[in-house]
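Spelled out from the first residue to the last, the chains are:
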Amino acid sequence: MQRQVALIKQSLFDQGYLDEQFMELEELQDDANPNFVEEVSALYFKDSARLINNIDQALERGSFDFNRLDSYMHQFKGSSTSIGASKVKAECTTFREYCRAGNAEGCLRTFQQLKKEHSMLRKKLEQYFQLARQAGPKETARRPK
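Overview of the structure. Quantities reported herein were computed from a predicted structural model and do not represent experimental measurements.

Quick notes on the rules
- Residues numbered from 1 in each chain as written.
- Predicted model: local features only at pLDDT ≥ 70, side-chain atom pairs only at ≥ 80, totals over all residues.
- Heavy atoms only, no water.
- Axes fitted to C-alpha atoms, helices over the stretch in contact; angles between N-to-C directions.
- Helix = DSSP H or I, 4+ residues; strand = E, 2+ residues; numbered from the N terminus.
- Parallel < 35°, antiparallel > 145°, perpendicular 65-115°, else oblique.
- Left-handed = near helix turned anticlockwise from the far one by under 90°.
- Contact = heavy atoms within 4.5 Å.
- Nonpolar A, V, L, I, M, F, W, Y, C, P; charged D, E, K, R; others polar.
- Expected span 1.5 Å × (residues − 1).
- Polar contact = N/O pair within 3.5 Å; in protein donor to acceptor, adjacent residues only side chain to side chain.

A word on the packing of helix α4 (residues 66–83) against helix α5 (residues 86–101). Helix-helix packing is described using two parameters, namely the angle between the two axes and the distance between the axes. Packing of α4 against α5 leaves a shortest axis separation of 9 Å and a crossing angle of 160°. In terms of axis orientation, α4 runs roughly antiparallel to α5. The way α4 lies across α5 gives a crossing that is left-handed. When α4 is examined against α5, the residues Phe66, Leu69, Asp70, Met73, His74, Phe76, Lys77, Ser80 and Thr81 are found in contact with a partner set consisting of Val88, Lys89, Cys92, Thr93, Phe95, Arg96, Cys99 and Arg100. Tallied by class, residues from the contact of α4 with α5 come to 8 nonpolar, 4 polar and 5 charged.

Now the structure itself:
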């Protein structure tokens, strides 16, 4: 089962969903806090759901406040960076570029893609953490090959 956990984690890196920052988080996990990464991820998804809702509401108004949208996305990008969510972070960067250019259509299109990437990451991490819990204690700080 440990092998399955390692393969799932490797696929998250290979597919570009996660980057080195995720490994840095795993290195902070120890016997005293064995669920650290899962807890940090849960907080990320809770906070990012709030940000997605705020951005959705701002976009639904129709009058694009690019400064406010950029501010929300700056927060989203920061929290995505902190857990190593590389695809989500890339979409945040693109969204912010569209905000700076005043491109409403680009913002809308990118936000839809960001929500897809965010949802996919959530699903994949939930599978990873579920399998990791079933497998029991492991060496979490091993870097994927």
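This is not the end of the story, as more comes after the structure.
With respect to the helices, strands and loops of the structure, Asn35 is situated in the loop between α2 (20–28) and α3 (36–60). In this structure, the C-alpha to C-alpha distance between Asn35 and Arg133, residues 98 residues apart in sequence, is 8.9 Å.

What follows deals with helix α6 (residues 104–135). Because the α-helix completes a turn every 3.6 residues, residues three or four places apart line up on one side. Its 32 residues place the ends of α6 46 Å apart at the C-alpha level, agreeing with the 46 Å of an ideal helix rising 1.5 Å per residue. N-cap assignment for α6: the residue whose side-chain oxygen lies 3.2 Å from the backbone N of Glu105 is Asn103.

For the pair α3 and α6, the least separation of the axes is 11 Å and the interaxial angle reads 160°. If you check the angle between α3 and α6, you find them roughly antiparallel. Considering how the two elements wind past one another, α3 and α6 form a crossing that is left-handed. Every residue of α6 that contacts α3 at Val37, Glu38, Ser41, Tyr44, Phe45, Ser48, Ile52, Ile55, Asp56 and Leu59 is listed here: Leu108, Phe111, Lys115, His118, Leu121, Arg122, Leu125, Phe129 and Arg133. Looking at side-chain class alone, the contact of α3 with α6 contains 11 nonpolar, 3 polar and 5 charged residues.

Shape is all these values report; function is a separate question.
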